Amino acid sequence: MKILGIESSCDETGIAIYDDQQGLIANQLYSQIKLHADYGGVVPELASRDHIRKTVPLIKAALAEANVTASDLNGVAYTAGPGLVGALLVGASIGRALAYAWNVPAIAVHHMEGHLLAPMLETNPPEFPFVALLVSGGHTQLISVTGIGQYQLLGESIDDAAGEAFDKTAKLLGLDYPGGAKLSKLAEMGDAARFHFPRPMTDRPGLDFSFSGLKTFAANTILKNQNQNQNQNQNQNQNQNQNQSQGMVDGQQLDQQTKADIARAFEDALVDTLVIKARRALELTGFNRLVIAGGVSANKTVRQKLAELMHSRGGQVYYPRLDFCTDNGAMIAYAGMIHLKQGQHSPLAIEVKPRWPLNDLVI
Ligand code: KG4
Ligand code: ZN
């Protein structure tokens, strides 16, 4: 069985073909990062237009890469949500139309289920049950997974997602969008002892997260240190305007070491919080397997600290290869294949769900 997967929920066009005998036989990805970089974040309309330009050529490229034709395909899976409505509509319309034209089933896939199943594409996939920690640009969720389609949400972010907090803090430090990975690189040179950031919502029971306060804490720390820098400079040069740019957060005014120290304190606080909550979820469920997926699972410290947690508990951590942590078509093709094998596919109507809780997953 060969399934074409189409991912277009945000700023990546991902197209892949998964074969249940041979595994992944094509994987094409186009990232729109350059397109959005000047704006400091994703511009939804530009994203939709670019998906329109890239989707069909990438499908052709995937067919050529796998050396198959449309008549070899047994289904077309596409991301139906959650995500940007216009971007989702591109993949869903093209996917649904191609399935109709090729007379094969179409399968609407939940983007976060795609992330959750991405570690299944690796050589040592996790068995059920496991706790999944999904950490992406739009979501931070702890989920009890007892089987395909059996997902119970244990906790989630009540404000900024982990990736969003990384990106916003990176922006405050003057790093380009998307700054998560760049902030993490900078943190490697940071002194962990210089600043201490809070571990939000860990002093009370529960599995929800809140990361927007960390971003504010970072903003205040930047402001305090840039003002100290300014005051030192002004003491040396009395002619300068005392109030010039005081009150405006501008990480560019910090020296490189201070930036790195702030990045380190932020990353340590965020990762420690993930570890504390993941430990609670494992204690609650009694499971000893942890899956981490989504863009932030590419983070070295996240992987390392969660591996240490699982080692100390005699369990194991699973995560996708780096390319499949962030958005890709492979995870959508794979999730589509699993659902099709269970006899599930979608009606003729083209429907997308920009907001779609994983608990409500009905295909
Ligand atoms: O899963 P993903 O590709 O898109 C969504 O579904 O949101 O995740 C993208 C997010 C971005 O916020 C990006 O900055 C973050 O993942 N990210 C990282 C790293 N690599 C990607 N955050 C921290 N450290 C990284 N190494
Ligand atoms: Zn994603």
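Rules used throughout
Residues numbered from 1 in each chain as written. Chains lettered and ligands numbered in written order. Predicted model: local features only at pLDDT ≥ 70, side-chain atom pairs only at ≥ 80, totals over all residues. Heavy atoms only, no water. Buried < 20%, exposed > 50% of the residue type's maximum accessible area, 1.4 Å probe, protein only. Helix = DSSP H or I, 4+ residues; strand = E, 2+ residues; numbered from the N terminus. Pairing = 2+ DSSP bridges. Donors = N, O, S within 2.8 Å, 3.2 Å for Na, K, Ca; no water. Tetrahedral: all angles 85-135°; square planar, octahedral: opposite > 155°, others 65-115°. pLDDT = per-residue confidence, 0-100. Phe/Tyr/Trp six-rings, centres within 6.5 Å; stacked < 30°, edge-to-face > 60°. Lys NZ or Arg CZ within 6 Å of the ring centre and 35° of its normal. Near = heavy atom within 4 Å. Polar contact = N/O pair within 3.5 Å; in protein donor to acceptor, adjacent residues only side chain to side chain. Areas by Shrake-Rupley, 256 points an atom, 1.4 Å probe, with all protein chains shown as cover. Salt bridge = Lys/Arg side-chain N within 4 Å of Asp/Glu carboxyl O.

Below, the discussion takes up the pairing of strand β7 (residues 140–147). Most of β7 sits inside the fold, with seven of its eight residues counted as buried. Across six bridges, strand β6 (residues 130–135) lies against β7 in antiparallel orientation. In the strand pairing of β7, V131 is matched with S144. Counting the residues between successive antiparallel strands, the hairpin from β6 to β7 contains four residues.

A few words now on the coordination of the zinc ion (ligand 2). Surrounding the zinc ion (ligand 2) are the protein donor atoms H111 (NE2), H115 (NE2) and D327 (OD), which sit 2.0 Å from the metal. Around the zinc ion (ligand 2), the four donor atoms are arranged such that angles at the metal cover 95 to 139°; this shape is classified as irregular. Here the donor residues for the zinc ion (ligand 2) map to a single chain with the spacing H-x3-H-x211-D. Here H111 and its partner H115 are both found in helix α4 (residues 111–117), four residues apart, which amounts to about one turn of the helix. Exposure class is identical for H111 and H115. Each is buried.

One rule of thumb: low pLDDT means the predicted coordinates there are not for detailed reading. Averaged over all residues, the pLDDT of the protein chain equals 95, while 96% of them reach at least 70. No element of the protein chain has a lower mean pLDDT than helix α7 (residues 212–236), which averages 88, and none a higher one than strand β1 (residues 2–7), which averages 99.

The description of an aromatic ring pair rests on the distance of the ring centres and on the angle between the ring planes. Applying the stated rule across the entire model yields five aromatic pairs. Each ring, one from F166 and one from F266, has its centre 5.3 Å from the other, and the planes form 85°; the classification is edge-to-face. In this pair, F166 is assigned in helix α5 (residues 162–172) and F266 in helix α8 (residues 256–285), connecting sequence segments 100 residues apart. Residue F166 shares its accessibility class with F266, and that shared class is buried. Over the aromatic face of Y30 sits the side chain of K54, whose NZ or CZ is 4.1 Å from the ring centroid. For the cation-ring pair, K277 lies above F209, with the distance from its terminal atom to the ring centre recorded as 5.7 Å.

Neighbouring residues of ligand 1: 18 residues in total, closest G137, D167, G295, N299 and D327. In this structure, an oxygen atom belonging to ligand 1 sits 2.6 Å away from a side-chain N or O atom of D167. One of the side-chain N or O atoms of N299 is found 3.0 Å from a nitrogen atom in ligand 1. For ligand 1, whose accessible area on its own is 560 Å², the fraction buried by protein is 87%.

Here we come to the pattern of salt bridges. Within this structure, the stated rule accounts for 17 salt bridges. For D50, the salt bridge is made with R53, and the minimal N-O distance between the two is 3.1 Å. In this pair, D50 and R53 both sit in helix α2 (residues 44–66), three residues apart, roughly one turn of the helix. Accessibility expressed as a relative area gives 4% for D50, which makes it buried. Residues E122 and R321 are paired through a salt bridge, measuring 2.9 Å at the closest nitrogen-oxygen approach. Residue E122 is located in the loop between α4 and β6, and its partner R321 is located in the loop between β10 (316–318) and α10 (330–341); the two are separated by 199 residues in the primary sequence. On the accessibility criterion, E122 (21% relative accessible area) is partly exposed. On the basis of relative accessible area, R321 is assigned to the partly exposed category, the value being 36%.

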